[in-house]
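A structural walkthrough
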Amino acid sequence: MIQFKLAYHHLVKNKNQSLPFIFSNTIWVAVVYIFLAMLYDTNLKNISFGAIAVALMQLGLGFVILVSGLAIIYAEQTLSKQRTKELGLYSMLGLNKHNLRQVIGIENLLFYAISTGLGLIIGITFSKLSVMSLRVLLNFEHLHQTLTIKPIAIAAIIFAIIFLLLTLYDFWGLRHINPITLWHKASKAETVPKGHTFLAITGLIVLIMGYYISISSRASLSAFLQMMVAIMLVVAGTYLIFIIGSIVFLKLLKQNENYYYKPKNFIAVANMLFRMKQNGAGLATISLLCTATLVSIIASVSLVAGQNNLLNLWSQRDIQIVSTSPINLVQNEQITQFASKTNISLQSRRQMTVTMPTNGELKNNYFKANNSLKTEVAISSLDLQQYNHIEGTHYHLADDEILLYSPDNTYQGKEIIIHGHKYKVKPVTSFNTSFVYNHSTYKPIFIIAKSQAIAQKINPTPVLYVTSFNTVGTKSACKQFGEKLPNLLNADPASITSRFVIKDLFGSLFGGFLFIGVLISLVMICATAMIIYYKQVSEGYSDKANYAIMRQLGLSQQETRKAINSQVLTVFILPIVGAVINLAFALPVLKNVLSVFSMYNINILISVSFICIALLIIIYMLIYWATTVVYKQIIAS
């Protein structure tokens, strides 16, 4: 069959473009299969807190399918430019549109079969490793996998739909094309795009607005909304800056005679200027993909790295009971008997009374009580005698003086105004019986006053009774004790905190975040590499004839290499610089979003950010080196 031979010939002949396309598609099929295998081939949903991980997996799967589909379409459109020229030749030789559709359909079918087959083999091979990694991350000792046909079938169907839509789009593109225009379409020269200064300034303003929203956000539930608004503005601003702003910038360079009229700069600026409308969109996409990669991996790694701090914040003791009435004798006896029944002993029992937290905002040394999206803290108060007894300290306070404990130790004010009364503040960095009331997302702040009367005046709310103790026994026994204690006392589960139970909860939540963050980052890095590669290949074929003409006019090999390095390096540096700038302005809102998960350790976030940036730059430079080699080979051929 001649159509099959032509499709196979095109695939083999253009292996520099076909093989990376197959490789990237293979990675996406493998990642999608791994997600599906976690959902359908494991007992994840039947394990305690496994439902959380399952929900995260489903969100991650949807995102990966979306990115994969868009990336496949982008890459195929680059491939189709070279294919269009060959289709024009085939049509001149006698093939009609029906025959051309057959060639396109067979070629896409070959791409689909090879990519899906290899992707499923790799996915099945690495799914066992993924299960082992997930077992460690989630601390699920009983997690196991059974290989079934369902995830294989679903993955094959998903990518069959993507390639079917791609093929239909290619068919649609042939509907009004005659042999002559089909041939000339692939070699159509691009014109110099117009640079609209107004749109460039608009893009800069939009970008600055997104940055401002990020750096001015506060650690409250509104941080999620602010982050979404900032993301939309940064995305729009980045595209305008790269597409329109880059054109304006290149035209300014062209007007600078001292810079422009040098061989390497002249060629680089001229080449980029003629294709910057399309080039700018690609650069913006690369920059945003790098930013998204950094944000996702930094957030997930920071949560995992800081989960012990979060565990200590929720409860520094193994068991903490917060109730509106004191634990009575009957309940004490029930706790003791149940501990004996589960083969654990109770130690270091402590009791204290605090006022019920009042939610509100703490801004500019002023506390304002409210319950809204802007709410960020929950203030409780207790007397100094209890604090000194718990901490073993010997503080002395006047009536207008207080000690203030905040888990992130960020309050540095000398005074604070609460309910219209001003108090002098002495910050303290330790409170061994601190807790998060009802497992709230608000940051707990404890005010220690001279007496119970002053504490009640500061925060005039009902009294809470806090009972805490440590447990000694096996891990499973201590966890069982913590799980069943709320039913034993007929209490709200949110009022009783067990470190062993909460640790498993955090492991499921944050381990799932990390697992998904790593897989999604892999997909986005692969998409970034693929976009860069095909952009380089496409531009290489477009620039080949131009460099050949310039060599005939006297351009030396050394000047050619300098021009290529100048152009490629300029194109490569811009996206990664943009990504790092975007991340720098994204860190404030990211910190506030993580604060909703009670992750207040800014040092962890900064350390993880530097490590992730360094790793991404190394990967990015490897992609730069590899694609530059391909570009030079195309120019020299």
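Note that the structure is predicted; figures quoted are calculated from it, not measured.

We now examine the layout of surface pockets. Space inside the largest pocket adds up to approximately 1,700 Å³. As for the largest pocket, its lining consists of 50 residues, of which Phe63, Ile231, Ala292, Ser296 and Met524 are closest to the centre. Among the secondary structure elements, those contributing two or more residues to the lining of the largest pocket are helix H3 (50–92), helix H7 (197–215), helix H8 (222–255), helix H10 (263–305), helix H16 (499–552) and helix H17 (557–596). Element by element, the count of residues in the lining of the largest pocket is highest for H10, at 13 residues. Split into classes, the residues belonging to the lining of the largest pocket amount to 39 nonpolar, 11 polar and no charged.

What follows deals with the packing of aromatic side chains. Per the counting criterion, the structure on display carries 11 aromatic pairs. Ring centres of Tyr387 and Phe431 lie 5.6 Å apart, and the angle between their planes is 50 degrees; this geometry places the pair in the tilted category. You can see Tyr387 sitting in helix H13 (residues 384–391) and its partner Phe431 sitting in the loop between strand E8 (421–428) and strand E9 (443–449), a full 44 residues away along the chain. Assigned by exposure class, Tyr387 and Phe431 land together as buried. Geometrically, the ring pair formed by Phe469 and Phe481 is edge-to-face, given 6.5 Å between the ring centres and 65 degrees between the ring planes. Residue Phe469 is found in strand E10 (residues 463–472), and its partner Phe481 is found in helix H15 (residues 475–489); the two are separated by 12 residues along the sequence.

Turning next to the sheet that holds strand E6 (residues 401–405). The pairing of strands in a sheet happens through backbone hydrogen bonds and is either parallel or antiparallel. Pairing within the closed barrel is mixed, and its 7 strands lie in the order E3-E4-E7-E8-E6-E9-E5. Recorded for the sheet is a direction-independent mean angle of 40 degrees between the axes of neighbouring strands. Taken strand by strand, H13 contacts strand E5 (377–383), E6, E8 and E9, and its axis lies near 90 degrees from that of E5.

The next subject is helix H11 (residues 307–314). Those residues of H11 that fall on the buried side of the exposure criterion are Gln307, Leu310, Leu311, Leu313 and Trp314. Projected onto a plane normal to the axis of H11, the buried residues spread over an arc of 160 degrees and lie on a single side.

In this section: the pattern of salt bridges. Going through the model one piece at a time under the given rule, you end up with 2 salt bridges. A salt bridge links Lys450 to Asp399; its shortest N-O distance comes to 3.4 Å. You can see Lys450 sitting in the loop between E9 and helix H14 (452–458) and its partner Asp399 sitting in the loop between H13 and E6, a full 51 residues away along the chain. According to the relative accessible area criterion, Lys450 is partly exposed, its value standing at 43%. Among the ionic pairs, Lys422 bridges to Glu415, the shortest N-O distance being 3.8 Å.

Strand order across the open sheet formed by 4 strands is E2-E10-E1-E11, with antiparallel pairing between neighbours. This sheet does not close on itself; its edge strands, each paired only once, are strand E2 (345–355) and strand E11 (496–498). Averaged over all pairs of adjacent strands, the angle between their axes in this sheet comes to 15 degrees, without regard to strand direction. With 5 bridges joining them, strand E1 (residues 319–323) and E10 adopt antiparallel strand pairing. Along E10, the bridge assignment pairs Ser323 with Tyr465.

We now examine the packing of helix H12 (residues 329–341) against H15. In contact at an axis separation of 11 Å, H12 and H15 are set at 150 degrees when each is read in the N-to-C sense. By the angle between their axes, H12 is roughly antiparallel relative to H15. Seen along the crossing, H12 lies across H15 with a hand that is right-handed. Taking contact as the criterion, the partners of Gln331, Gln334, Ile335, Phe338 and Ala339 in H12 are, on H15, Gln480, Phe481, Lys484, Leu485, Leu488 and Leu489. Considered class by class, the residues forming the contact of H12 with H15 number 7 nonpolar, 3 polar and 1 charged.

With that settled, consider a nonpolar patch on the surface. Together, Ile157, Ile161, Leu164, Leu165 and Leu168 make up a nonpolar patch on the protein surface, roughly 490 Å² of accessible area in all. For Leu168, the location among the structural elements is in helix H5 (residues 150–173). Since its relative accessible area comes to 46%, Leu168 is described here as partly exposed.

Before going further, it helps to spend a moment on the side chain of Ser434. On the secondary structure map, Ser434 appears in the loop between E8 and E9. Classification of Ser434 as buried rests on a relative accessible area of 2%. Reaching out from Ser434, the side chain makes a polar contact with the side chain of Gln316 at a distance of 3.1 Å.

Counting residues in hydrophobic clusters, the biggest one holds 98 residues, and the most contacted among them are Trp28, Phe159 and Ile298. At 19 residues, H16 tops the list of elements feeding residues into this core. The contacts of Phe159, once residues within four sequence positions are left out, are Trp28, Val29, Val32, Ser68, Ile72, Tyr112 and Thr116.

What follows covers the pairing of E6. A large share of E6 lies buried, amounting to 5 of its 5 residues. Relative to E8, E6 runs parallel, the two being bridged by 5 bridges. When the sheet's bridge partners are listed, Leu403 is paired in E8 with Lys426. Here E6 runs beside E9; their pairing, made up of 3 bridges, is antiparallel. Bridging across to E9, Leu404 finds its partner in Ile447.

So, about the packing of helix H2 (residues 15–40) against H5. With their axes 9 Å apart at the nearest point, H2 and H5 run at an angle of 140 degrees to one another. In terms of their interaxial angle, H2 and H5 are classed as oblique. Of the two elements, H2 crosses H5, and the hand of that crossing is right-handed. From H2, Phe21, Asn25, Trp28, Val29, Val32, Tyr33, Leu36, Ala37 and Tyr40 reach across to H5, where they touch Lys150, Pro151, Ile152, Ile154, Ala155, Ile158, Phe159 and Phe163. For the contact of H2 with H5, the residue count by class is 15 nonpolar, 1 polar and 1 charged.

Counting buried positions along E1 gives 5 out of 5 residues, so the element sits mostly inside the fold. Of the two faces of E1, the one lined by Ile319, Ile321 and Ser323 and the one lined by Gln320 and Val322 are each fully buried. Two strands pair when backbone bridges link them, and E1 and E11 are joined in this way by 3 bridges, in the antiparallel orientation. Paired with Gln320 across the bridge in E11 is Thr497.

Criteria and cut-off values
- Residues numbered from 1 in each chain as written.
- Predicted model: local features only at pLDDT ≥ 70, side-chain atom pairs only at ≥ 80, totals over all residues.
- Heavy atoms only, no water.
- 1 Å grid on protein atoms, 1.4 Å probe; cavity = no way out; pocket = protein on both sides within 12 Å on 5 of 7 lines; lining within 4 Å.
- Points joined across faces, edges and corners; volume = space filled by probe spheres on them.
- Helix = DSSP H or I, 4+ residues; strand = E, 2+ residues; numbered from the N terminus.
- Nonpolar A, V, L, I, M, F, W, Y, C, P; charged D, E, K, R; others polar.
- Phe/Tyr/Trp six-rings, centres within 6.5 Å; stacked < 30°, edge-to-face > 60°.
- Buried < 20%, exposed > 50% of the residue type's maximum accessible area, 1.4 Å probe, protein only.
- Pairing = 2+ DSSP bridges.
- Axes fitted to C-alpha atoms, helices over the stretch in contact; angles between N-to-C directions.
- Contact = heavy atoms within 4.5 Å.
- Arc of directions from axis to C-beta.
- Salt bridge = Lys/Arg side-chain N within 4 Å of Asp/Glu carboxyl O.
- Parallel < 35°, antiparallel > 145°, perpendicular 65-115°, else oblique.
- Left-handed = near helix turned anticlockwise from the far one by under 90°.
- Patch = residues over 30% accessible without salt bridge, like charges linked within 9 Å, V, L, I, M, F, W, Y side chains within 5 Å.
- Areas by Shrake-Rupley, 256 points an atom, 1.4 Å probe, with all protein chains shown as cover.
- Polar contact = N/O pair within 3.5 Å; in protein donor to acceptor, adjacent residues only side chain to side chain.
- Core = buried A, V, L, I, M, F, W, Y, C linked by side-chain atoms within 4.5 Å.

Just geometry here; none of it tells us what the structure is for.
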